[in-house]
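# Notes for the structure review
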Amino acid sequence: MKKNFLTRTSVVLCLALLCCFLWGSAFPSVKIGYRIFVIGSEDTASQILFAGCRFFLAGVLVILIGSISSGKVLKPGKTAVKPILILALFQTIIQYFFFYVGLAHASGVNSSIITAASTFFTLVFAAVLFHYETLTVKKMLGCLIGFAGVVLITTAGTAFSGGFSLRGEGFVLISTASSAMAACLIKRFGKQDSPILLSGYQFMLGGCMLALGGAMAGGQLTITTPLCFLLLFYMACISAVAYTVWSILLKHNPVSRICVFSFTNPVIGVILSALLLGEKNHAFSVYGLLALVLVSIGIIIVYRE
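Residues numbered from 1 in each chain as written. Predicted model: local features only at pLDDT ≥ 70, side-chain atom pairs only at ≥ 80, totals over all residues. Heavy atoms only, no water.

### Looking at the overall build of the protein
- When you go through the protein residue by residue, the secondary structure sums to 16 helices and 0 strands.
- With 305 residues in all, the protein has 53% of them scored as buried.
- In the form shown here, the protein has an accessible surface area of approximately 13,700 Å², with 71% of it arising from carbon and sulfur atoms.
- In the protein, the 20 positive side-chain charges and the 7 negative ones have mean positions that sit 14 Å from each other. (Helix = DSSP H or I, 4+ residues; strand = E, 2+ residues; numbered from the N terminus. Buried < 20%, exposed > 50% of the residue type's maximum accessible area, 1.4 Å probe, protein only. Areas by Shrake-Rupley, 256 points an atom, 1.4 Å probe, with all protein chains shown as cover. Lys, Arg positive; Asp, Glu negative; His and termini not counted. Charge placed at Lys NZ, Arg CZ, Asp CG, Glu CD.)

See below:
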(Lines give C-alpha, C1' and ligand atoms only; values in the text may rest on other atoms or scores of the structure.)
Protein backbone atom coordinates (compact mmCIF):
# COMPACT_ATOMS: atom_id res chain seq x y z
CA MET A 1 0.00 0.00 0.00
CA LYS A 2 2.79 2.40 0.96
CA LYS A 3 4.69 1.69 -2.25
CA ASN A 4 1.56 2.17 -4.40
CA PHE A 5 0.79 5.42 -2.57
CA LEU A 6 4.28 6.78 -3.18
CA THR A 7 4.09 6.02 -6.91
CA ARG A 8 0.82 7.89 -7.50
CA THR A 9 1.34 10.79 -9.88
CA SER A 10 -0.41 13.30 -7.61
CA VAL A 11 1.67 12.24 -4.60
CA VAL A 12 4.94 12.28 -6.55
CA LEU A 13 4.09 15.71 -7.97
CA CYS A 14 3.28 17.26 -4.58
CA LEU A 15 6.24 15.75 -2.68
CA ALA A 16 8.80 16.40 -5.43
CA LEU A 17 7.71 20.02 -5.78
CA LEU A 18 7.84 20.41 -1.98
CA CYS A 19 11.48 19.31 -2.06
CA CYS A 20 12.27 21.64 -4.95
CA PHE A 21 10.58 24.55 -3.19
CA LEU A 22 12.66 23.94 -0.07
CA TRP A 23 15.92 23.71 -2.05
CA GLY A 24 15.02 26.75 -4.14
CA SER A 25 14.30 28.78 -1.00
CA ALA A 26 17.84 28.15 0.30
CA PHE A 27 19.34 30.94 -1.81
CA PRO A 28 17.31 33.86 -0.44
CA SER A 29 17.33 32.25 3.02
CA VAL A 30 21.13 32.35 3.23
CA LYS A 31 21.21 35.98 2.11
CA ILE A 32 18.47 36.93 4.57
CA GLY A 33 20.45 35.07 7.23
CA TYR A 34 23.52 37.18 6.51
CA ARG A 35 21.38 40.26 7.00
CA ILE A 36 19.69 39.37 10.29
CA PHE A 37 22.80 37.75 11.80
CA VAL A 38 24.79 40.85 10.76
CA ILE A 39 27.33 38.91 8.66
CA GLY A 40 29.25 41.01 6.13
CA SER A 41 30.20 39.82 2.66
CA GLU A 42 33.89 39.73 3.66
CA ASP A 43 33.29 38.00 7.02
CA THR A 44 34.16 34.48 5.81
CA ALA A 45 34.60 33.09 9.34
CA SER A 46 31.05 34.04 10.38
CA GLN A 47 29.65 32.73 7.08
CA ILE A 48 31.25 29.33 7.73
CA LEU A 49 30.07 29.33 11.35
CA PHE A 50 26.53 30.05 10.12
CA ALA A 51 26.75 27.16 7.65
CA GLY A 52 28.14 24.80 10.29
CA CYS A 53 25.32 25.49 12.76
CA ARG A 54 22.73 24.92 10.06
CA PHE A 55 24.08 21.58 8.88
CA PHE A 56 24.82 20.16 12.32
CA LEU A 57 21.17 20.81 13.20
CA ALA A 58 20.12 19.37 9.82
CA GLY A 59 22.04 16.18 10.58
CA VAL A 60 20.29 15.81 13.94
CA LEU A 61 16.91 16.23 12.21
CA VAL A 62 17.75 13.71 9.45
CA ILE A 63 18.72 11.05 12.01
CA LEU A 64 15.62 11.84 14.06
CA ILE A 65 13.29 11.58 11.05
CA GLY A 66 15.04 8.42 9.81
CA SER A 67 14.86 6.79 13.24
CA ILE A 68 11.15 7.54 13.61
CA SER A 69 10.30 6.31 10.09
CA SER A 70 12.31 3.09 10.51
CA GLY A 71 11.17 2.42 14.06
CA LYS A 72 14.71 2.16 15.41
CA VAL A 73 17.59 4.48 16.26
CA LEU A 74 19.94 4.86 13.29
CA LYS A 75 23.48 4.11 14.44
CA PRO A 76 26.49 3.90 12.10
CA GLY A 77 28.33 0.58 12.01
CA LYS A 78 32.01 0.06 11.30
CA THR A 79 31.43 -0.07 7.54
CA ALA A 80 29.79 3.37 7.61
CA VAL A 81 32.67 5.29 9.21
CA LYS A 82 34.78 5.75 6.07
CA PRO A 83 31.80 6.68 3.83
CA ILE A 84 30.61 9.22 6.41
CA LEU A 85 34.07 10.85 6.50
CA ILE A 86 34.29 11.04 2.69
CA LEU A 87 30.73 12.32 2.31
CA ALA A 88 31.24 14.91 5.04
CA LEU A 89 34.17 16.24 3.03
CA PHE A 90 32.35 16.53 -0.31
CA GLN A 91 28.69 16.94 0.62
CA THR A 92 29.08 19.41 3.47
CA ILE A 93 32.57 20.82 4.08
CA ILE A 94 33.71 21.56 0.51
CA GLN A 95 30.26 22.12 -0.96
CA TYR A 96 29.00 24.55 1.66
CA PHE A 97 32.27 26.34 2.32
CA PHE A 98 32.30 27.43 -1.31
CA PHE A 99 28.52 27.89 -1.46
CA TYR A 100 28.26 30.19 1.56
CA VAL A 101 31.30 32.26 0.63
CA GLY A 102 30.27 32.37 -3.04
CA LEU A 103 26.70 33.39 -2.28
CA ALA A 104 28.02 36.34 -0.25
CA HIS A 105 29.59 37.67 -3.47
CA ALA A 106 26.97 36.65 -6.04
CA SER A 107 23.27 37.33 -6.53
CA GLY A 108 20.63 34.82 -5.50
CA VAL A 109 19.41 34.68 -9.11
CA ASN A 110 22.86 33.84 -10.53
CA SER A 111 23.47 31.25 -7.84
CA SER A 112 20.07 29.59 -8.37
CA ILE A 113 20.79 29.06 -12.06
CA ILE A 114 24.43 28.01 -11.62
CA THR A 115 23.62 25.30 -9.07
CA ALA A 116 21.26 23.70 -11.60
CA ALA A 117 24.50 22.61 -13.31
CA SER A 118 24.68 19.94 -10.60
CA THR A 119 22.44 17.81 -12.84
CA PHE A 120 25.02 17.88 -15.61
CA PHE A 121 28.05 17.46 -13.34
CA THR A 122 26.34 14.44 -11.78
CA LEU A 123 25.72 12.86 -15.18
CA VAL A 124 29.32 13.38 -16.34
CA PHE A 125 30.85 12.14 -13.07
CA ALA A 126 28.47 9.14 -13.01
CA ALA A 127 29.46 8.20 -16.56
CA VAL A 128 33.19 8.98 -16.59
CA LEU A 129 34.31 8.31 -13.00
CA PHE A 130 31.78 5.83 -11.62
CA HIS A 131 30.35 4.18 -14.77
CA TYR A 132 26.76 4.39 -13.50
CA GLU A 133 25.48 6.03 -16.68
CA THR A 134 26.12 5.99 -20.41
CA LEU A 135 26.69 9.33 -22.12
CA THR A 136 24.30 9.22 -25.08
CA VAL A 137 24.02 11.89 -27.77
CA LYS A 138 20.73 13.04 -26.23
CA LYS A 139 22.25 13.44 -22.78
CA MET A 140 25.28 15.26 -24.15
CA LEU A 141 22.97 17.62 -26.05
CA GLY A 142 21.06 18.30 -22.83
CA CYS A 143 24.32 19.01 -21.00
CA LEU A 144 25.50 21.43 -23.68
CA ILE A 145 22.22 23.34 -23.71
CA GLY A 146 22.15 23.50 -19.90
CA PHE A 147 25.74 24.67 -19.64
CA ALA A 148 25.01 27.32 -22.26
CA GLY A 149 22.52 28.76 -19.80
CA VAL A 150 25.09 28.76 -17.00
CA VAL A 151 27.70 30.41 -19.24
CA LEU A 152 25.17 33.01 -20.35
CA ILE A 153 24.17 34.09 -16.84
CA THR A 154 27.79 34.30 -15.65
CA THR A 155 29.44 35.99 -18.63
CA ALA A 156 26.79 37.91 -20.59
CA GLY A 157 24.60 40.83 -19.65
CA THR A 158 27.16 42.46 -17.40
CA ALA A 159 24.85 45.38 -16.78
CA PHE A 160 22.41 43.01 -15.09
CA SER A 161 24.58 40.37 -13.46
CA GLY A 162 27.66 42.36 -12.54
CA GLY A 163 29.89 40.02 -14.54
CA PHE A 164 31.70 36.87 -13.42
CA SER A 165 33.46 36.80 -10.06
CA LEU A 166 35.73 33.89 -9.10
CA ARG A 167 34.92 34.38 -5.43
CA GLY A 168 31.22 34.70 -6.25
CA GLU A 169 29.88 32.72 -9.21
CA GLY A 170 33.15 30.74 -9.43
CA PHE A 171 32.85 29.48 -5.85
CA VAL A 172 29.17 28.60 -6.38
CA LEU A 173 30.20 26.53 -9.42
CA ILE A 174 32.88 24.69 -7.39
CA SER A 175 30.24 24.03 -4.74
CA THR A 176 27.95 22.60 -7.41
CA ALA A 177 30.66 20.22 -8.67
CA SER A 178 31.29 19.00 -5.11
CA SER A 179 27.55 18.41 -4.68
CA ALA A 180 27.49 16.28 -7.83
CA MET A 181 30.45 14.24 -6.62
CA ALA A 182 28.67 13.66 -3.31
CA ALA A 183 25.55 12.45 -5.16
CA CYS A 184 27.61 9.83 -7.01
CA LEU A 185 29.43 8.79 -3.84
CA ILE A 186 26.25 8.35 -1.81
CA LYS A 187 24.84 6.12 -4.55
CA ARG A 188 27.93 3.91 -4.23
CA PHE A 189 28.04 3.92 -0.42
CA GLY A 190 24.26 3.57 -0.16
CA LYS A 191 24.45 0.00 -1.47
CA GLN A 192 25.91 -1.08 1.87
CA ASP A 193 24.47 1.44 4.33
CA SER A 194 21.28 3.49 4.52
CA PRO A 195 21.60 6.75 2.50
CA ILE A 196 19.61 8.52 5.21
CA LEU A 197 21.97 7.28 7.93
CA LEU A 198 25.02 8.28 5.92
CA SER A 199 23.66 11.70 5.06
CA GLY A 200 22.49 12.45 8.61
CA TYR A 201 25.82 11.66 10.24
CA GLN A 202 27.88 13.32 7.52
CA PHE A 203 25.77 16.48 7.97
CA MET A 204 26.49 16.38 11.70
CA LEU A 205 30.22 15.76 11.22
CA GLY A 206 30.64 18.26 8.39
CA GLY A 207 28.53 20.86 10.18
CA CYS A 208 30.58 20.44 13.35
CA MET A 209 33.86 20.88 11.42
CA LEU A 210 32.57 24.00 9.64
CA ALA A 211 31.26 25.52 12.88
CA LEU A 212 34.52 24.84 14.73
CA GLY A 213 36.59 26.23 11.87
CA GLY A 214 34.46 29.35 11.66
CA ALA A 215 34.51 29.91 15.43
CA MET A 216 38.30 29.38 15.67
CA ALA A 217 38.79 31.89 12.84
CA GLY A 218 36.89 34.50 14.85
CA GLY A 219 33.42 34.11 13.39
CA GLN A 220 30.37 35.03 15.41
CA LEU A 221 26.60 35.10 15.04
CA THR A 222 24.82 38.17 16.39
CA ILE A 223 21.31 37.35 17.61
CA THR A 224 19.29 40.44 16.76
CA THR A 225 15.77 39.00 16.83
CA PRO A 226 13.92 35.72 17.64
CA LEU A 227 13.60 35.42 13.85
CA CYS A 228 17.26 34.33 13.83
CA PHE A 229 16.40 31.04 15.55
CA LEU A 230 13.36 30.49 13.34
CA LEU A 231 15.37 31.03 10.15
CA LEU A 232 18.18 28.72 11.32
CA PHE A 233 15.64 25.98 12.11
CA TYR A 234 13.93 26.44 8.74
CA MET A 235 17.25 26.21 6.91
CA ALA A 236 18.08 23.00 8.78
CA CYS A 237 14.67 21.64 7.73
CA ILE A 238 15.45 22.48 4.09
CA SER A 239 18.21 19.86 4.11
CA ALA A 240 16.61 17.38 6.52
CA VAL A 241 13.07 17.23 5.11
CA ALA A 242 13.91 17.69 1.42
CA TYR A 243 16.67 15.08 1.44
CA THR A 244 14.59 12.49 3.34
CA VAL A 245 11.49 12.91 1.16
CA TRP A 246 13.55 12.93 -2.07
CA SER A 247 15.33 9.71 -1.02
CA ILE A 248 12.00 8.00 -0.32
CA LEU A 249 10.65 9.05 -3.73
CA LEU A 250 13.78 7.76 -5.48
CA LYS A 251 13.44 4.45 -3.65
CA HIS A 252 9.92 3.82 -4.98
CA ASN A 253 10.12 5.46 -8.43
CA PRO A 254 12.41 5.44 -11.49
CA VAL A 255 15.24 7.98 -11.15
CA SER A 256 14.25 9.78 -14.37
CA ARG A 257 10.67 10.24 -13.15
CA ILE A 258 11.84 12.07 -10.01
CA CYS A 259 14.95 13.91 -11.19
CA VAL A 260 13.09 15.67 -14.01
CA PHE A 261 11.45 17.79 -11.30
CA SER A 262 14.87 19.24 -10.45
CA PHE A 263 14.43 21.68 -13.35
CA THR A 264 12.08 23.62 -11.05
CA ASN A 265 14.91 24.30 -8.55
CA PRO A 266 16.43 27.23 -10.47
CA VAL A 267 12.95 28.49 -11.39
CA ILE A 268 11.87 28.59 -7.74
CA GLY A 269 15.24 29.99 -6.65
CA VAL A 270 15.05 32.80 -9.20
CA ILE A 271 11.44 33.69 -8.34
CA LEU A 272 12.04 33.70 -4.57
CA SER A 273 15.28 35.68 -4.96
CA ALA A 274 13.42 38.23 -7.07
CA LEU A 275 10.60 38.54 -4.53
CA LEU A 276 12.56 38.34 -1.26
CA LEU A 277 15.87 39.95 -2.22
CA GLY A 278 14.63 42.61 -4.62
CA GLU A 279 16.50 41.11 -7.60
CA LYS A 280 13.57 41.55 -10.00
CA ASN A 281 15.54 43.48 -12.64
CA HIS A 282 18.10 40.71 -12.85
CA ALA A 283 15.67 37.78 -12.60
CA PHE A 284 13.36 39.06 -15.30
CA SER A 285 16.02 40.46 -17.60
CA VAL A 286 16.42 38.95 -21.07
CA TYR A 287 19.65 37.23 -19.99
CA GLY A 288 18.19 35.87 -16.75
CA LEU A 289 15.06 34.44 -18.39
CA LEU A 290 16.96 32.98 -21.36
CA ALA A 291 19.52 31.32 -19.05
CA LEU A 292 16.68 29.87 -16.98
CA VAL A 293 14.98 28.47 -20.07
CA LEU A 294 18.21 26.91 -21.40
CA VAL A 295 19.02 25.23 -18.07
CA SER A 296 15.47 23.90 -17.73
CA ILE A 297 15.42 22.53 -21.29
CA GLY A 298 18.80 20.89 -20.73
CA ILE A 299 17.64 19.08 -17.59
CA ILE A 300 14.43 17.91 -19.25
CA ILE A 301 16.35 16.54 -22.26
CA VAL A 302 18.77 14.66 -19.99
CA TYR A 303 16.07 12.98 -17.89
CA ARG A 304 13.22 12.63 -20.34
CA GLU A 305 12.71 8.98 -21.28
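After that view, the rundown keeps rolling.
### Here's the deal with the side chain of Ser239
- Checked against the element boundaries, Ser239 lands in helix H12 (residues 227–252).
- Ser239 sits in the buried class, given a relative accessible area of 5%.
- Discounting residues that sit within four places of it in the chain, Ser239 has contacts with Arg54, Phe55, Ala58 and Phe203. (Contact = heavy atoms within 4.5 Å.)

### What to know about the packing of aromatic side chains
- Scanning the entire structure with this criterion turns up 17 aromatic pairs.
- Taken together, a centroid distance of 5.8 Å and an interplanar angle of 80° make the contact between Phe50 and Tyr100 edge-to-face. Here Phe50, found in helix H4 (residues 44–70), pairs with Tyr100, found in helix H5 (residues 78–103); they are 50 residues apart in sequence, far enough to count as distant.
- According to the relative accessible area criterion, Phe50 is buried, its value standing at 0%.
- Of the residues examined, Tyr100 reaches a relative accessible area of 0% and is grouped as buried.
- Here Phe97 and Phe98 contribute two aromatic rings whose centre-to-centre distance is 5.2 Å and whose plane-to-plane angle is 90°, an arrangement assigned as edge-to-face. (Phe/Tyr/Trp six-rings, centres within 6.5 Å; stacked < 30°, edge-to-face > 60°.)

### As for the environment of Pro76
- Positionally, Pro76 belongs in the loop between H4 and H5.
- On the basis of relative accessibility, which here comes to 36%, the residue Pro76 falls in the partly exposed class.
- For Pro76 and Tyr201, which are 125 residues apart along the polypeptide, the C-alpha to C-alpha distance reads 8.0 Å.
- Leave out the neighbours within four places in its chain, and Pro76 touches Ile84, Leu197 and Tyr201.

Nothing here speaks to function; it is all geometry.
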